[in-house]
Amino acid sequence: MSVGRVRPSIEALPAYRPGKAAVQAEQEHGITGAIKLASNENPYPPAPSVLAAMAEASASVNRYPDHLALELRDRLASWLSVGRERVTVGCGSVGLLRQLCMAYVDPGDEVVFPWLSFEAYPISVTTMGGVPVTVPLVGNAFDLRGVARAVTSRTKLVLLATPNNPTGTAVSTDAIGELVAGIPDDVVVLVDEAYREFADPALGDPVSDLLPRHRNVVVFRTLSKAYGLAGLRSGYAVADPEVIVDLDKLLLPFANNRLAQVAAIAAIDAAAEIQPRIDTVLSERDRVATALTDSGWVLPDAQANFVYLPTGDRTDELYLALERLGVVTRPFSGEGIRVTIGTTTENDRFLRALSEVLNDSA
Ligand SMILES: Cc1ncc(COP(=O)(O)O)c(C=O)c1O
């Protein structure tokens, strides 16, 4: 007999699948020295000033943090040149995604998003009893006209990850603006920019290009990726003040912890120091993409801190062979393999392992 009467939609829900840890791959395959290129993390540790700020703040973790993270909000608002009432902070941007779905999705409401995309989307939508409406990618990129066509009177939200996880392709603010102009303005459009700092700046900035014109656009960003704080959980939203008020009502008490707040402020203060690390990831991404293209791969345009190999039916076979060689990637069964850009040594190791795997299977 089951324990209690769990909601049927939760019983059927797949758990979120994080990237496999290197140590887990080592145990599974009986190997040592595995590297993890599976979670789009920054390969570099936080800047010394960020570590120092955290060390100092750790002495007061006996106290609850500021629930609303007001100092961090102020810092973000001045960094982004927007009013404080337009910014909120969550437990990573996935925490904000959960809040957004709680705020807008009633059972039976539709949420439209391209697919493949971020695996947390269908989970957060289904958690609220919402109906995910997926629009297939075309050539691994978004079909925004298809997204517009999928919007109906039942649609509450549109979710756009740009750059997209896992394919890495991005859309411009012009293209998003066109989409927003063509759908009802009571549909909230999320522009989820977890990888913004790795994308071509010519694609535009939704905070300055879209928010002033469209009250229904919400932008999510994070300190997890480019700013290297994935282990702390600081994501933020920029949106109309009314949306911010509703997101704040749903903020899990103290979700953005004390160290996360302090480190996020220190990381923003250290932006000039962190930028060269982002530049290194970008030049490594281009080097890896060029090496793959030179050996015959046709890759989608890589605008984030990873590359996506469209391996189709061979996905499971190839990712497992890479893993046995100690290179842990993120497979999407039947679709492709996402490989995070690591250090130069790690990227070389991935390229060598891939050519070994392909030679063996030729
Ligand atoms: C598209 C997208 N949005 C959001 C996130 C979550 O980021 P955070 O660490 O801020 O929760 C990710 C992380 O993988 C992502 O790929």
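Residues numbered from 1 in each chain as written. Predicted model: local features only at pLDDT ≥ 70, side-chain atom pairs only at ≥ 80, totals over all residues. Heavy atoms only, no water.

Let's shift gears to the domain arrangement of the chain. In many analyses, interface size is given as the accessible surface area lost on bringing the parts together. Assigned domains of the chain: these are domain 1 (8-45 + 274-361) and domain 2 (48-271). Centre-to-centre separation of domain 1 and domain 2, based on C-alpha positions: 24 Å. The partner domain 2 presents 30 residues to the 30 residues of domain 1 that form the contact. Here domain 1 is connected to domain 2 by two salt bridges. Between Arg-330 and Glu-119 there is a salt bridge whose closest N-O contact spans 2.5 Å. Our count for the domain 1 to domain 2 interface comes out at 14 residue pairs in polar contact (both at pLDDT 80 or more). For the side of domain 1 that touches domain 2, the secondary structure elements donating two or more residues are helix H1 (8-11), helix H12 (271-294), strand S9 (306-309) and strand S11 (330-332). (Domains from an automatic or database assignment. Contact = heavy atoms within 4.5 Å. Salt bridge = Lys/Arg side-chain N within 4 Å of Asp/Glu carboxyl O. Polar contact = N/O pair within 3.5 Å; in protein donor to acceptor, adjacent residues only side chain to side chain. Helix = DSSP H or I, 4+ residues; strand = E, 2+ residues; numbered from the N terminus.)

What follows is about the sheet that holds strand S8 (residues 234-238). Pairing is mixed in the open sheet, where seven strands are placed in the order S2-S8-S7-S6-S5-S3-S4. Single-partner strands in this sheet number two, and they are strand S2 (87-91) and strand S4 (131-136). Neighbour-to-neighbour, the strand axes of the sheet open up by a mean angle of 25 degrees, direction not taken into account. In this sheet, strand S6 (residues 188-192) lies alongside strand S5 (residues 155-161) in parallel orientation, the contact comprising five bridges. From the neighbouring strand, Val-158 faces S6, where its bridge partner is Val-189. Contacts between helix H4 (residues 70-80) and the sheet are confined to S2, strand S7 (217-222) and S8, with S2 contributing the most and set at about 125 degrees to the helix. Its contacts with the sheet place helix H5 (residues 92-104) against S2, S5, S6, S7 and S8, and it is angled at close to 110 degrees to S2. (Pairing = 2+ DSSP bridges. Axes fitted to C-alpha atoms, helices over the stretch in contact; angles between N-to-C directions.)

Moving on: unusual backbone geometry. Put simply, Trp-115 and Leu-116 share a cis peptide bond, and its omega is 10 degrees. Relative to the elements of secondary structure, Leu-116 occurs in the loop between strand S3 (110-115) and helix H6 (120-127). A positive phi angle, near 85 degrees, is found at Arg-233, a position not held by glycine. You can see Arg-233 is positioned in the loop between S7 and S8. Residue Phe-254 is not a glycine yet carries a positive backbone phi of 60 degrees. Looking at where Phe-254 falls in the secondary structure, it is placed in the loop between helix H10 (241-249) and helix H11 (258-269).

Here we take up the pattern of salt bridges. Under the defined criterion, the tally for this structure stands at 21 salt bridges. A salt bridge links Arg-285 to Asp-286, with the shortest nitrogen-to-oxygen separation between them at 3.4 Å. What makes Asp-286 partly exposed here is its relative accessible area of 42%. When salt bridges that share partners are traced, they join Glu-193, Arg-196, Asp-205 and Arg-221 into one network. (Buried < 20%, exposed > 50% of the residue type's maximum accessible area, 1.4 Å probe, protein only.)

Here the focus is the site of the ligand. Contacts to the ligand come from 13 residues, most closely from Ser-93, Tyr-195, Thr-222, Ser-224 and Arg-233. The side chain of Thr-222 places a nitrogen or oxygen atom 2.6 Å from an oxygen atom of the ligand. Within the contact set of the ligand, an oxygen atom lies 2.7 Å away from a side-chain nitrogen or oxygen of Arg-233. With the chains in place, 93% of the 400 Å² that the ligand exposes on its own is no longer accessible. Its residues assigned to classes, the shell around the ligand comprises five nonpolar, five polar and three charged. (Near = heavy atom within 4 Å. Areas by Shrake-Rupley, 256 points an atom, 1.4 Å probe, with all protein chains shown as cover. Nonpolar A, V, L, I, M, F, W, Y, C, P; charged D, E, K, R; others polar.)

A few words now on the sheet that holds S11. In space, the three strands of this open sheet follow the order S9-S12-S11, with antiparallel pairing throughout. The sheet is open, and its two borders are formed by S9 and S11, each paired with just one other strand. Ignoring strand direction, the axes of neighbouring strands in this sheet form an average angle of 20 degrees. Relative to strand S12 (residues 336-340), S11 runs antiparallel, the two sharing three bridges. Looking at S12, one finds that Phe-332 is bridged to Gly-336. Running at roughly 30 degrees to S12, helix H13 (residues 315-324) makes contact with S11 and S12 of the sheet.

Moving on to H4. Those residues of H4 that sit buried are Leu-72, Arg-73, Leu-76, Ala-77 and Leu-80. The buried residues of H4 occupy an angular sector of 135 degrees when projected down its axis, which confines them to one face. Exposed residues on H4 whose side chains face more than 90 degrees from its buried face are Glu-71 and Ser-78. Contacts from the buried residues of H4 go to S2, helix H9 (206-209), S7, S8, H10 and H11. Count one or two residues on from H4 and you reach Ser-81, which has phi positive near 55 degrees. (Arc of directions from axis to C-beta.)

A few words on the packing of aromatic side chains. Pairs of aromatic rings are described using the distance from one ring centre to the other and the angle between the two planes. For the coordinates displayed, the defined rule picks out seven aromatic pairs. Ring geometry for Phe-113 versus Trp-115: centroids 5.8 Å apart, planes at 70 degrees, classification edge-to-face. The class for Trp-115 is partly exposed, based on a relative accessible area of 29%. An angle of 80 degrees between the planes, with centres 5.2 Å apart, marks the rings of Tyr-195 and Phe-306 as edge-to-face. Of the two residues, Tyr-195 sits in the loop between S6 and H9 while Phe-306 sits in strand S9, which places them 111 residues apart along the sequence. A relative accessible area of 5% places Tyr-195 in the buried class. Three or more aromatic residues joined by ring pairs make a cluster, and in this case those are Tyr-16, Phe-113, Trp-115, Phe-118 and Tyr-121. When the ring centre of Phe-332 is taken as reference, the NZ or CZ atom of Arg-17 above it lies at 5.7 Å. The ring of Phe-306 carries the charged tip of Arg-338 above its face, separated from the ring centre by 5.7 Å. (Phe/Tyr/Trp six-rings, centres within 6.5 Å; stacked < 30°, edge-to-face > 60°. Lys NZ or Arg CZ within 6 Å of the ring centre and 35° of its normal.)

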